[in-house]
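# Examination of the molecular architecture
This is what each chain is made of:
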There are 6 protein chains.
Amino acid sequence: MADNHDAKAKDSRDAWLPSLITETPQEGFALAITLSQKGVAVTQPDAEMRKEKRPEYAQDPDSLIAVSHVIATHFQTVAAANGYWRE
Amino acid sequence: MADNHDAKAKDSRDAWLPSLITETPQEGFALAITLSQKGVAVTQPDAEMRKEKRPEYAQDPDSLIAVSHVIATHFQTVAAANGYWRE
Amino acid sequence: MADNHDAKAKDSRDAWLPSLITETPQEGFALAITLSQKGVAVTQPDAEMRKEKRPEYAQDPDSLIAVSHVIATHFQTVAAANGYWRE
Amino acid sequence: MADNHDAKAKDSRDAWLPSLITETPQEGFALAITLSQKGVAVTQPDAEMRKEKRPEYAQDPDSLIAVSHVIATHFQTVAAANGYWRE
Amino acid sequence: MADNHDAKAKDSRDAWLPSLITETPQEGFALAITLSQKGVAVTQPDAEMRKEKRPEYAQDPDSLIAVSHVIATHFQTVAAANGYWRE
Amino acid sequence: MADNHDAKAKDSRDAWLPSLITETPQEGFALAITLSQKGVAVTQPDAEMRKEKRPEYAQDPDSLIAVSHVIATHFQTVAAANGYWRE
């Protein structure tokens, strides 16, 4: 598992966030989701472990709402970065 | 259920967020609700499952307050995008 | 109850948020309260049910603090919309 | 108690928030505290009840931290309103 | 203990927040910590009590994360006040 | 352990946050992670203790989501400081 962990750690050093700019609000929302998930992977870098836990929290309304809150926070950032896609 | 899931996943690829601009503050609030719900659907894409859980958390004041907080966060974004509908 | 629910749903289609602009900071705070309550009513549209739950969460300090947090989030939006009522 | 409640409700109609502008950051922090407490009083207008609960949550670290978070949110608003007291 | 409480209350009337401006981001972070702690002291002014509770919540990951969130919220304010220490 | 604690306290006095400016969004995200961790270390300065607790909260979805929320809050600050890395 240590190896697995090292592999993940290495992956996360790779470029995954070249820019906050997106074509559309919807792509910006998708980026907010990615940022939320990265924020979880920081503390639990083992993707297998995260996958294993998913059925548990995916059925817990409070967890689902909390995830939605994190996405909302990142979406604020991404939307501001894109001038709210106004034009 | 896997098929069902795939169908949902496909739906969510469709355009649902063409713009953050709305005519009125109230439509902006409705958009904030949509964004909150999308943030939940990301983790639990099965609409049947979400519907099934609803009676449970709809009677839990803390869950209701938490949902309201997520909506408030998105409403900040939508309101800023619309220049607060000032004129 | 379904009828009741439909009636509520209809109510919420009515205009309740024509503007974020208020005369005074205090009216802005009142609007933030309204927005918080609307965010709860979205998930639990049955006003009777909400009323029934009130004595329960109105005595739970953590629920009271959480409500206050939602109001604070909306007050940020309303205050910004009003240029903080600076002049 | 209903009378008591009515009296409180009347009190809260009185002017308590004429402005977000304060002389100093520290007065701004005090205003953020007031706003947090008002947000609690909205749901639990009975001051006696709030006082009674205080010893309970004043010893619960998580409640104390949550209150501090609400104050922080309001302080963002008050600080922005005052241009961060920069000059 | 009432006397003790009065003493604390008096202390908190003293000037502790003359400005949000700091020389460096790191001093700004330290100020955000102070603001978070002041927000706790508002509800629990007894420093002895706060100290007594510390070993308890300092070992609870969720409390630690919640404190970190409050600091993050205040750091937003302090950073904005300082123009993000850009030059 | 007291010595250990003192050593940590001394470490945290060292410069660790010279600037909020980063080359890329991804480095900004890494800085947001550092800020989140510093916010935890404030209350629990014993690095051994923090490490010991990690397996526990790294398997608790709600803790992971809460950490991700703190990172999101700091990322807002860092992104704004960097003008969202727009050019």
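Residues numbered from 1 in each chain as written. Chains lettered and ligands numbered in written order. Predicted model: local features only at pLDDT ≥ 70, side-chain atom pairs only at ≥ 80, totals over all residues. Heavy atoms only, no water.

### Some points on the interface of chain E and chain D
One widely used convention gives an interface's size as the accessible area the parts lose upon coming together. For clarity, the cut-off: By definition, residues are in contact when any of their heavy atoms lie within 4.5 Å. Once two parts are joined, some of their accessible surface, as seen by a 1.4 Å probe, is lost; buried area is that loss totalled over both. Any carboxyl oxygen of Asp or Glu that lies within 4 Å of a side-chain nitrogen of Lys or Arg is treated as forming a salt bridge with it. Contacts described as polar in this section are N or O atom pairs within 3.5 Å, which, within protein, must combine one atom able to donate a hydrogen with one able to accept it, while residues neighboring in sequence count only if both atoms come from side chains.
Taken together, the 35 residues of chain E in the interface contact 24 residues of chain D. Between chain E and chain D, the buried area comes to about 2,500 Å², and carbon and sulfur atoms account for 66% of it. On the chain E side of the interface with chain D, the three residues burying the most area are E:V42, E:T43 and E:T77, jointly 22% of the side's total. Counting every contact that joins chain E to chain D gives zero salt bridges. Our enumeration of links across chain E and chain D arrives at 13 residue pairs in polar contact (both at pLDDT 80 or more).

### Looking at the relation of the copies chain A and chain F
We apply this condition: Our superposition of the copies is a least-squares fit, built on the C-alpha atoms of residues whose pLDDT is at least 70 in both.
Taken as rigid bodies, chain A and chain F are interconverted by a rotation of 60° and an axial shift of 0.0 Å, the fit giving an RMSD of 0.0 Å. The transformation just described matches what one would write down for a six-fold rotation axis. Across chain A, the smallest distance between a C-alpha and the rotation axis is recorded for A:T73, namely 6.9 Å. The fraction of interface residues of chain A whose copies in chain F are also interface residues is only 14%, indicating that the copies meet through different surfaces.

### So, helix α2 (residues 25–41) of chain E
All names here are of chain E. Counted only if it meets this: Secondary structure counts use DSSP, requiring at least four H or I residues in a row for a helix and at least two E residues in a row for a strand, with both numbered from the N terminus. Here, expected helix span is obtained from the residue count minus one, scaled by 1.5 Å. Exposure classes here rest on a 1.4 Å probe applied to the protein chains alone. A residue is buried below 20% of its type maximum, exposed above 50%, and partly exposed in between.
Relative to the 24 Å expected for 17 residues at 1.5 Å per residue, α2 spans 24 Å between its end C-alpha atoms, a close match to the ideal helical length. In terms of burial, α2 is a largely internal element, twelve of the 17 residues being buried. Among all positions in α2, only P25, Q26, G28, F29, L31, A32, I33, L35, S36, G39, V40 and A41 are buried.

### As for the side chain of C:T43
Mapping C:T43 onto the fold places it in the loop between α2 (25–41) and α3 (47–57). Taking relative accessible area as the criterion, C:T43 reaches 5% and is therefore assigned buried. Ignoring anything within four residues of it in the chain, the contact list for C:T43 reads B:R54, B:Y57, B:A58, B:L64 and B:V67.

### Details of the interface of chain A and chain F
The line we're drawing: Residues were grouped as follows: Ala, Val, Leu, Ile, Met, Phe, Trp, Tyr, Cys and Pro as nonpolar; Asp, Glu, Lys and Arg as charged; and all remaining residues, including Gly, as polar.
In this complex, chain A contributes 35 residues to the contact, which on the side of chain F involves 24 residues. Summing both sides of the interface, chain A and chain F together bury roughly 2,500 Å²; the carbon and sulfur share of this comes to 66%. Per-residue buried area on chain A facing chain F is highest for A:V42, A:T43 and A:T77; these three make up 21% of the total on that side. In this assembly, chain A and chain F are joined by zero salt bridges. There are 13 residue pairs in polar contact (both at pLDDT 80 or more) connecting chain A and chain F. Here the element with the most residues in the side of chain A that touches chain F is helix α4 (residues 61–81) of chain A; it accounts for eleven residues. The class makeup of the residues in the side of chain A that touches chain F is 16 nonpolar, 13 polar and six charged.

### Side note on the packing of aromatic side chains
Let me state the cut-off plainly: Two rings from Phe, Tyr or Trp (for Trp, the six-membered ring) form a pair when their centres are within 6.5 Å of each other. A pair whose planes differ by under 30 degrees is stacked, one over 60 is edge-to-face, and the rest are tilted.
According to the stated counting rule, one finds 18 aromatic pairs over all chains in the structure shown. Their ring planes at 20° and their centres at 5.9 Å tell us that B:F75 and B:W85 sit as a pair that is stacked. Of this pair, B:F75 sits in helix α4 (residues 61–81) while B:W85 sits in the segment after α4, and the two are ten residues apart along the sequence. Both residues of the pair, B:F75 and B:W85, count as buried. Taken together, the aromatic side chains of A:W16, F:F29, F:F75 and F:W85 make up a single cluster linked through ring pairs.

### Comments concerning the environment of E:N82
All names here are of chain E. Of note, N82 is situated in the segment after α4 (61–81). Considering only alpha carbons, one finds N82 and P25, 57 residues apart in sequence, at a separation of 8.6 Å. Among residues more than four places away in sequence, those in contact with N82 are L20, I21 and T22.

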